[in-house]
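Geometric and topological summary
As a plain string of letters, each chain reads:
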Amino acid sequence: MTQEETRLAESDARRKHWKRWGPYLSERAWGTVREDYSPHGNAWESLPHDHARSRAYRWNEDGLAGISDRQQTVCFALALWNERDPILKERMFGLTGNEGNHGEDVKEYYFYLDSTPTHSYMKYLYKYPQAEFPYGKLVSENRQRNKSQPEYELMDTGVFDDDRYFDVFVEYAKADVEDILIKITVSNRGPEVANLRLLPTTWFRNIWSWGEGNAEPRLKQVSKSPGPAVVLDHPNSGRRWLHCEGSPELLFTENETNARRLFNSDNRTSYVKDGINDYIVHGRKEAVNPEHFGTKASAHYKLTVGASETAAVRLRLTNTDLKTKNAFDDFDRILALRLSEADEFYATVIPQDLTPDAKNVMRQGFGGMLWSKQFYHYVVKQWLDGDLGNPPPPPERRNGRNHEWLHLYNADVISMPDKWEYPWYAAWDLAFHCIPLALVDSDFAKEQLILMLREWYMHPNGQMPAYEWAFGDVNPPVHAWAAWRVYKIDKKRHGKGDREFLQRVFHKLLLNFTWWVNREDADGMNIFQGGFLGLDNIGVFDRSAPLPTGGYIEQSDGTSWMAMYTLNLLAIALELAREDPAYEDVASKFWEHFIYIARAMGHRGHDGIGLWNEEDGFFYDVLRLPDGTKFPMKIRSMVGLIPLFAVETLEPEVLDQHPGFKRRLEWFVENRPDLTDNLACMTTEGKGSRRLLAIADPDQLRGILKYMLDEREFLSPYGIRALSQFHRDHPYMLNVQELEHRVDYEPGESSTGLFGGNSNWRGPIWFPMNFLLVESLQKFHHYLGEDFKVEFPTGSGKMMTLWEVAGELSRRMTNIFVRDDKGRRPVFGGLEKFQTDPHWRDLVLFHEYFHGDSGAGVGANHQTGWTGVVTKLMQQSGESRTGKKPRSQPAQVVAAD
């Protein structure tokens, strides 16, 4: 075992709590639902960026390159001042959902460079302009732009011209569980000497102002060798020391709201949250405590950094009184050791046959996944009731957002989609996060999946929480798929499957499955609705709102997700039945569910209209009007590809191990031909005598792939588009009550305001869906074998097996991030500084989605979250850049390994 694997084992066994400290501080706590106490749920305006420096947060803290303990009692982060900005740079700035022409958007450049799973070593980079930060210009310019125009970015303002900026690197290394070394390295990339105020800051999350009787903690200055130190005393977590190298001025204030500035009312304390800001920026000496104590403290370093030169500052946060020992004697040795141990660990994870560039992409992908953990705190009942000694919440909130989720009590470290744009968990995003996380820390991945099913998360009716903006929204049911995948990855890594985990997840998922069946199948005909199902604007209507036509949509994707769900639960039940035959009965039940759903997908009904369109050879949503009239909405979109996700193969030895299940399966096939005759073949043995369970039979599969693998339709140089390029020249149009509703191919940003307008499913490439397509093709190949080939691309005359197609799709996706033969990364599009500058070109951003034609990153730009599945793709399929031969795999290895 590597040293990092040893730490993981110690952490998992609870012998040493190596994960007690980590990057659990958010990039943004302002503008969130948790901090919104307005009457009508105006979260962005309730606590805007301008209030964040002055207002004590109720639920979560945020900061720049920050860390905290896992309950966020103690926080540490950076503050910076270039002697020009109107405020300290203490947190990331961005546009609100109402300010951006494509919704909310962070307007900063920062990068998660590295992290081990236990956070024994971490590295972060922030690029800080030396000119005044253009807060107002970014807001005003973007407000003037419409949805058809590009966003106005920080780079566009000119503040990085002539390289007049600082690279601020932050490294953390753990000497022990509670002994954290912090190194801050500042490089002046500009042509002239420049000044920087560097303020490493520690503070306590405010838990004493909400009427809960919590004692107030205290920070105070003490003298230590070789420099000053802050001693931190907290009634719950004990005593710590922050040792500061050199002779910085220590500044103290309170983490309390500046009510005078915000509300023109009296402050509760003499010193307030923005006191250090006012002292540094405005020279107000009375704003900080001259007695050097408080609940927030900064070490004030005045740096003058020459052109192309570097300065460094070292600190140490520890729970040990080092007394006469120099806090920095062994600092450099430990930091170097932890970095070498990180290299050693990743050498066991990242394939050695990848190019250095691809290895860098994978390493930063894992780094982004691990930096995106956040302590998430939200107790809905307390939030609705309000806090003692504070103004009561408006009565409108009693019937407003999340009022039906009174049981929800969240106070955990959770993997976030993006800690600025989406600093709240999203259950279906989280399922995809757990795949790459399982490659480096399967226990954390398993904990995350179990957490969403605990009784203080899952609704008593069985629904899983979606996200804080609307916990009751309906997202695709992918939790079972993720649990099965994580189980198999973990089993392959450790040689033994965690059956206790699988059982715990399975039992709770039974509740969720029942909720789905009872709520989302409107007519009991195994055709499911479900609303937008995470695909935002993919349809001609907002699928979460009442239809302007009346009636409802029979959803191809909703029904397919449920078919996939049944197959996932079937696979889990059969695995559990290996040691407990009682699970065979449950497996039989899910087999039966699948048969009914699969038949409904292919059945045309008495009116001759079904989800499968024989004429086109494609699946469509069907609009059912109040008078019973039905017609297919012929949009060639991801909705029609999702049926491919419902596929599973049964190994002959699995059937032999479960004779009861095998007997019931064969009885059903023999006695209910009305249900099974038109389905994908379950009786004919495929390669290796396997059986196939799938919605699409081989003929339908060929029909769908004809579109999917056509470069004029779905196939992009960078993966599969969410909407066919066919609709660029042939938009789908539907006239309702003299209003035209239409769907056009839009490969980049959305031109509509649906779902805030900050995401687009009408043409771009989305990694989670592409990942599932790759896996589905591998599973079909597992049954159909080497003789089943299709044209790739359609019309090329080049025939490939489905395994080969899956590999080519994987490499098209990974090509987004690696340099092409011209040295350019498609993800950066036309951003020349990112493409050519040596201080930018190797910094990788993992966007929310990608331009359907160019591969350029679009949407949230730190959504390593589900885009982090690229690490799994690179691990299993390699790369195809720079003439490197792609890695091949034996056909018996499937994506679920």
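Rules and cut-offs
Residues numbered from 1 in each chain as written. Predicted model: local features only at pLDDT ≥ 70, side-chain atom pairs only at ≥ 80, totals over all residues. Heavy atoms only, no water. Helix = DSSP H or I, 4+ residues; strand = E, 2+ residues; numbered from the N terminus. Rg over C-alpha atoms; globule rule 2.2 N^0.38 Å. Buried < 20%, exposed > 50% of the residue type's maximum accessible area, 1.4 Å probe, protein only. Contact = heavy atoms within 4.5 Å. Areas by Shrake-Rupley, 256 points an atom, 1.4 Å probe, with all protein chains shown as cover. Lys, Arg positive; Asp, Glu negative; His and termini not counted. Charge placed at Lys NZ, Arg CZ, Asp CG, Glu CD. pLDDT = per-residue confidence, 0-100. Expected span 1.5 Å × (residues − 1). Polar contact = N/O pair within 3.5 Å; in protein donor to acceptor, adjacent residues only side chain to side chain. Pairing = 2+ DSSP bridges. Axes fitted to C-alpha atoms, helices over the stretch in contact; angles between N-to-C directions. Parallel < 35°, antiparallel > 145°, perpendicular 65-115°, else oblique. Nonpolar A, V, L, I, M, F, W, Y, C, P; charged D, E, K, R; others polar. Core = buried A, V, L, I, M, F, W, Y, C linked by side-chain atoms within 4.5 Å. Salt bridge = Lys/Arg side-chain N within 4 Å of Asp/Glu carboxyl O.

1. Quick look at the overall build of the chain
Along the backbone of the chain there are 25 helices and 34 strands. Relative to the compact-globule value of 29 Å for 897 residues, the chain shows a C-alpha radius of gyration of 28 Å, a close match. Across its three principal axes, the chain shows a C-alpha extent of roughly 85 × 60 × 55 Å. Out of the 897 residues belonging to the chain, those deemed buried represent 65%. Across the chain, the fraction of contacts at a sequence separation of at least 24, relative to all contacts at a separation of at least 6, is 71%. Accessible surface for the chain amounts to roughly 31100 Å². Of this, 48% is attributable to carbon and sulfur atoms. Counting 106 positive and 127 negative side-chain charges, the chain places the averaged centre of each group 4 Å from the other.

2. What to know about the confidence of the model for the chain
For any part of a model where pLDDT is low, the fine detail of the predicted coordinates should not be relied upon. In this model, the chain carries an average pLDDT of 92, and 94% of its residues clear a pLDDT of 70 or more. Segment residues 889-896: pLDDT under 50, and 22 contacts once partners within four positions in sequence are set aside and those in other chains are kept.

3. Things to note about helix α8 (residues 356-371)
Taking 1.5 Å per residue as the helical rise, α8 with its 16 residues ought to reach 22 Å, and the 22 Å between its terminal C-alpha atoms agrees with that figure. Most of α8 sits inside the fold, with 13 of its 16 residues counted as buried.

4. Description of the environment of H102
Within the fold, H102 resides in the loop between β4 (94-95) and β5 (105-106). C-alpha separation for the pair H102 and T269, spaced 167 residues apart in sequence, amounts to 40 Å. A distance of 2.7 Å separates a polar atom in the side chain of H102 from the backbone oxygen of K147. Of note is the side chain of H102, whose polar atom sits 3.3 Å from the side chain of E151.

5. A few points about the sheet that holds strand β23 (residues 621-624)
What the three strands build is an open sheet, ordered β20-β23-β24; its pairing is antiparallel. Of all the strands in the sheet, the pair left with one neighbour each is β20 (552-554) and β24 (630-633). Recorded for the sheet is a direction-independent mean angle of 35° between the axes of neighbouring strands. Taken together, the four bridges between β23 and β24 define a ladder with antiparallel strand orientation.

6. With respect to the sheet that holds strand β13 (residues 238-244)
Strand order in the open sheet formed by nine strands is β6-β7-β8-β9-β17-β13-β12-β11-β15, with antiparallel pairing between adjacent strands. Each of the sheet's edge strands pairs with one partner strand only, and the pair in question is β6 (110-115) and β15 (293-294). Sheet analysis places strand β11 (residues 218-223) next to β15, joined by two bridges and oriented antiparallel. Its bridge partner being in β15, K220 is matched across the sheet by F293. Of the strands in this sheet, β6, β7 (121-129), β8 (165-176), β9 (179-188) and β17 (310-318) are in contact with helix α7 (residues 331-347), which crosses β8 at around 90°. Along the sheet, α8 contacts β6, β7 and β8; its crossing angle with β6, the most-contacted strand, is approximately 100°.

7. Quick look at the packing of α8 against helix α10 (residues 427-440)
Relative to each other, α8 and α10 sit at 110°, their axes nearing to 10 Å. On the basis of the axis angle, α8 is roughly perpendicular to α10. Two secondary-structure elements touch here, α8 through F366, M369 and L370 and α10 through H433, P436, L437, L439 and V440. Partitioned by chemical class, the residues of the contact of α8 with α10 number seven nonpolar, one polar and no charged.

8. Description of the nonpolar core
Counting 249 residues, the largest nonpolar core has Y124, W561, M708, M769 and F817 as its most contacted members. The greatest single-element share of this core, amounting to 13 residues, is contributed by helix α14 (residues 556-576). Apart from residues no more than four positions distant in its own chain, F817 is found in contact with V361, F767, R825, V827, V844, L845, F846, F850, T867 and V870.

9. Quick notes on the pairing of β17
Most of β17 is tucked away: seven of the nine residues are buried. As judged from the nine bridges shared by β9 and β17, these two strands associate in the antiparallel manner. Each residue of the ladder has a partner; that of I180, found in β17, is L317. Across four bridges, the pairing between β13 and β17 is antiparallel. Directly across from C244, in β17, lies its bridge partner L315.

10. Let's talk about the pattern of salt bridges
Close approach of charged atoms lets side chains of opposite charge pair. Using the criterion set out here, one finds 74 salt bridges in the structure. When the shortest N-O distance is used, the salt bridge between D387 and R58 registers 2.8 Å. Separated by 329 residues along the polypeptide, D387 in the loop between α9 (380-385) and β19 (409-415) and R58 in the loop between α3 (49-52) and β2 (64-69) bring together distant segments of the chain. Here the two residues D387 and R58 agree in accessibility, since each one is buried. Connected through salt bridges with shared partners, the residues K491, R499, E575, R578 and E579 form a single ionic network.

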